Amino acid sequence: MSSTKPVEQLERVVIRFAGDSGDGMQLTGDRFTSETAVFGNDLATLPDFPAEIRAPAGSLPGVSGFQLHFADHDILTPGDQPSVLVAMNPAALKVNIGDLVKGGTVIVNTDAFNDRNLQKAGYESNPLEDGSLEGFHVHPVALSSMTVEALKEVEGITSREAERSKNFFALGLMSWLYHRPMEGTLAFIESKFAQRPEIAEANTRAFKAGWNYGETSEDFAVSYEIAPAQLAPGTYRQVSGNTALTYGLVAASRLSGLPLFLGAYPITPASDVLEQLAQMKHFGVRTFQAEDEIAASGAALGAAFGGALGVTTSAGPGVVLKSETVGLAVTLELPLLIVDVQRAGPSTGMPTKPEQADLLMVLFGRNSESPVPVVAASTPAGCFHAAIEAARIAIKYRTPVFLLSDAYLANGSEPWLIPDVGELADISTEFATEPNDGDAFLPYRRDPETLARPWAIPGTPGLEHRIGGLEKADETGNVSYDPENHDLMTRLRAAKVAGIAADIPELEVDDPDGADTLVLGWGSTYGAIGAAARRVRAGGRTVATAHLRYLNPFPRNTGEVVRSYEKVLIPEMNLGQLRMLIRAQFLVDAAGYNKVRGRPFRAAELEDAITALVDS
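Residues numbered from 1 in each chain as written. Predicted model: local features only at pLDDT ≥ 70, side-chain atom pairs only at ≥ 80, totals over all residues. Heavy atoms only, no water.

Peer 1: Could you clarify how one ought to interpret the packing of helix α7 (residues 183–192) against helix α8 (residues 197–216) in this entry?
Peer 2: For any two helices packed against each other, one specifies the crossing angle of their axes together with the interaxial distance. It is the contact of α7 with α8, at a shortest axis distance of 8 Å, that shows an interaxial angle of 160°. Regarding the angle of α7 to α8, the classification is roughly antiparallel. As for how α7 packs across α8, the hand of that crossing is right-handed. Residues T185, L186 and I189 of α7 touch α8, and the partners they reach there are A200, N203, T204, F207 and K208. A breakdown of the residues in the contact of α7 with α8 according to their chemical character gives 4 nonpolar, 3 polar and 1 charged. (Axes fitted to C-alpha atoms, helices over the stretch in contact; angles between N-to-C directions. Helix = DSSP H or I, 4+ residues; strand = E, 2+ residues; numbered from the N terminus. Parallel < 35°, antiparallel > 145°, perpendicular 65-115°, else oblique. Left-handed = near helix turned anticlockwise from the far one by under 90°. Contact = heavy atoms within 4.5 Å. Nonpolar A, V, L, I, M, F, W, Y, C, P; charged D, E, K, R; others polar.)

Peer 1: What am I meant to see in α8 here?
Peer 2: One full turn of an α-helix is made of 3.6 residues, so residues set three or four places apart face in the same direction. End to end, α8 covers 28 Å across 20 residues, agreeing with the expected 28 Å (1.5 Å per residue, within 8%). The element α8 is extensively covered by neighbouring structure, given that 14 of its 20 residues are classed as buried. (Expected span 1.5 Å × (residues − 1). Buried < 20%, exposed > 50% of the residue type's maximum accessible area, 1.4 Å probe, protein only.)

Peer 1: Which parts of the structure should I look at to understand a nonpolar patch on the surface?
Peer 2: Nonpolar side chains collect at one region of the surface, where L470, V479 and Y481 lie side by side and expose about 330 Å² of accessible area between them. Along the chain, the position of L470 falls in the loop between β16 (413–417) and α16 (483–498). (Patch = residues over 30% accessible without salt bridge, like charges linked within 9 Å, V, L, I, M, F, W, Y side chains within 5 Å. Areas by Shrake-Rupley, 256 points an atom, 1.4 Å probe, with all protein chains shown as cover. Salt bridge = Lys/Arg side-chain N within 4 Å of Asp/Glu carboxyl O.)

Peer 1: Before we go on, may I ask you to explain the layout of surface pockets in this structure?
Peer 2: Empty space among the atoms becomes apparent when a probe as large as a water molecule is rolled across them. In this structure, the second largest pocket spans a volume of roughly 700 Å³. Along the wall of the second largest pocket there are 41 residues; nearest its centre are L46, D48, G598, R599 and P600. Taken together, the elements giving at least two residues each to the lining of the second largest pocket come down to β3 (42–48), β4 (63–71), α2 (90–96), α15 (407–411) and α17 (526–538). Here the lining of the second largest pocket takes 5 residues from β4, the largest share from any one element. When the residues that make up the lining of the second largest pocket are grouped by side-chain class, the tally is 20 nonpolar, 12 polar and 9 charged. (1 Å grid on protein atoms, 1.4 Å probe; cavity = no way out; pocket = protein on both sides within 12 Å on 5 of 7 lines; lining within 4 Å. Points joined across faces, edges and corners; volume = space filled by probe spheres on them.)

Peer 1: Can you walk me through the pairing of strand β22 (residues 591–594) in this structure?
Peer 2: Where a strand is regular, its side chains alternate between the two sheet faces. As defined by bridge partners, strand β21 (residues 567–572) adjoins β22 across 4 bridges and the pair is classed as parallel. Along β22, the bridge assignment pairs P571 with Y593. With helix α19 (residues 577–586) bridging β21 and its parallel neighbour β22, the resulting β-α-β unit is right-handed. (Pairing = 2+ DSSP bridges. Right-handed = clockwise from strand over helix to strand, strands pointing away.)

Peer 1: Would you mind going over helix α14 (residues 383–397) with me for this structure?
Peer 2: The end-to-end C-alpha distance of α14, which contains 15 residues, comes to 21 Å, matching closely the 21 Å that a straight helix rising 1.5 Å per residue would cover. Across the 15 residues that make up α14, a large majority, 13, are buried. Just beyond α14, the residue with positive phi is R398, at close to 50°.

Peer 1: What's the story with the nonpolar core in this structure? I'm lost.
Peer 2: L249, L277, L337, L403, L520, L551 and L578 are the most contacted members of the largest nonpolar core, which totals 90 residues. The element best represented in this core is α14, accounting for 11 residues. Dropping the residues within four chain positions of it, L520 is found in contact with L507, A546, L548, V562, V568, L569, I570, P571, L578 and I582. (Core = buried A, V, L, I, M, F, W, Y, C linked by side-chain atoms within 4.5 Å.)

Peer 1: So what exactly am I meant to see when it comes to the packing of aromatic side chains here?
Peer 2: For any two aromatic rings, the description comes down to two numbers: the centre-to-centre distance and the angle of the planes. Summed over the entire model, instances satisfying the criterion amount to 13 aromatic pairs. On the numbers, 5.9 Å between centres and 45° between planes, the contact of F554 with F586 is tilted. With F554 in the loop between β20 (550–552) and α18 (558–563) and F586 in helix α19, this pair connects stretches of sequence that are 32 residues apart. No difference in accessibility class separates F554 from F586, as the two residues are buried. One aromatic cluster is present, formed by F17, F32, F70, Y178 and Y224 through successive ring pairs. (Phe/Tyr/Trp six-rings, centres within 6.5 Å; stacked < 30°, edge-to-face > 60°.)

So this is what it looks like as structure tokens:
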């Protein structure tokens, strides 16, 4: 369908859909995002889930949101503030109106603004009538009643089911307003609700009714068009961090030639990985939903002992429970990949909100000297390659490896350039097949370059050896309480991990103008730091940026980089964990920008922090 109204060209838009957790805001946002990806815009999303399983309808804690930033150029974040807010009820308006840019557009479902819902949201008067929204362009739309009216001839659905289709009415209206394609959403409705054709018909009619309302209503005088972005050539798809991580684990299994075994216990926000891998048995994937986190990690380590790519996934509270098994993997010197999709804590904390405060835990949260490599993803799409790299290190060096993501990366999405499988690096390994000391097998005789021990599969004739958590004698692997041997083995395990620095890329610095200030980040702060640096440079100042994807060991030139700048700023969604490590290891007086709000950084706040440091 094409519009007969004037069309205004825009460079970018930030839209936030908000409503009750039962209003389908995540589905609405995801569909709008999918059509935006098909259209060819660059995009970034920020879903925001309520932590309560089922908060009371109309309450502030039950508000669910989905923010999408799309543009005709390369973007790095889901946007600091929405320019358009679609609010399905008073609670959604109250929770989100403070984030909307001044002069922004508000589309509200007027049917939900009754006395009961206003009271639940804590409004003393109706904001649609009391002048409190004068600074915004408000479009009152009777979403619920118009949806019910549009569906009154659909047989087989109740009035309640008809009213629930209002999210597709809103999606149709927004699709018209921003010239999103219709075909994909209509096909999606037909497929998703194939078992309930009456629901498919209702949602299709609601979607088209919303589109037609935009075209015919006098309240919407113009529609908007955002041209496709100029992206690198290739085939793209929209991908979330958890999906990219899932694909990366499957790719690592194929590239290594090892069957993938996942031992996991459901936990927000990591459960998606378990759920998606459970559907990939055709790739030889085996998933085990354990009775608890301890069993999940133990099963994954057992799978590694048996010659599989052993993976266990969790969030911070579950990783705590896995720590003893990780320590066992350290002393057994077997590959084990532990995925920590971080969330706000401590304890249960805010389980649906992002944080990056598990760094010190994964580095030091085990007894004794037990160093473990740590890899951190920095973008949703980047989770794919981060998973492959973490698996490569685990397999090559016979060590457990932590892969850090967080709720922002896990749930956020962006265009992903699907790689050429033939160009992905081979990470295959060889198992021990015969004795390595005459007729004897020494299970802890090490490769002179990597210091990795042989990987001997149980049942291989002639390779029988002792296994367990007690300290191993050098080379033989026999139980040893000898002081000198324990010191030697401790140092060998540490040297093996430290030596990985020679096998990873050096830290890259983006410094086009010869700055004296460096902004150093890790994890999901990548986008906000990059966007802030663009703004600072556009304002005439110079700043350098670097982003750590390897947190243990650090890239071999990290000390050289941080010491070469007069001022170093480290933004983190914690109270200064990387800053403490950089200060301790390199004696650099780095400054921190630290907030733990359960929200990603905004580019504007980092711009202010960088500017203040540059000008100091």
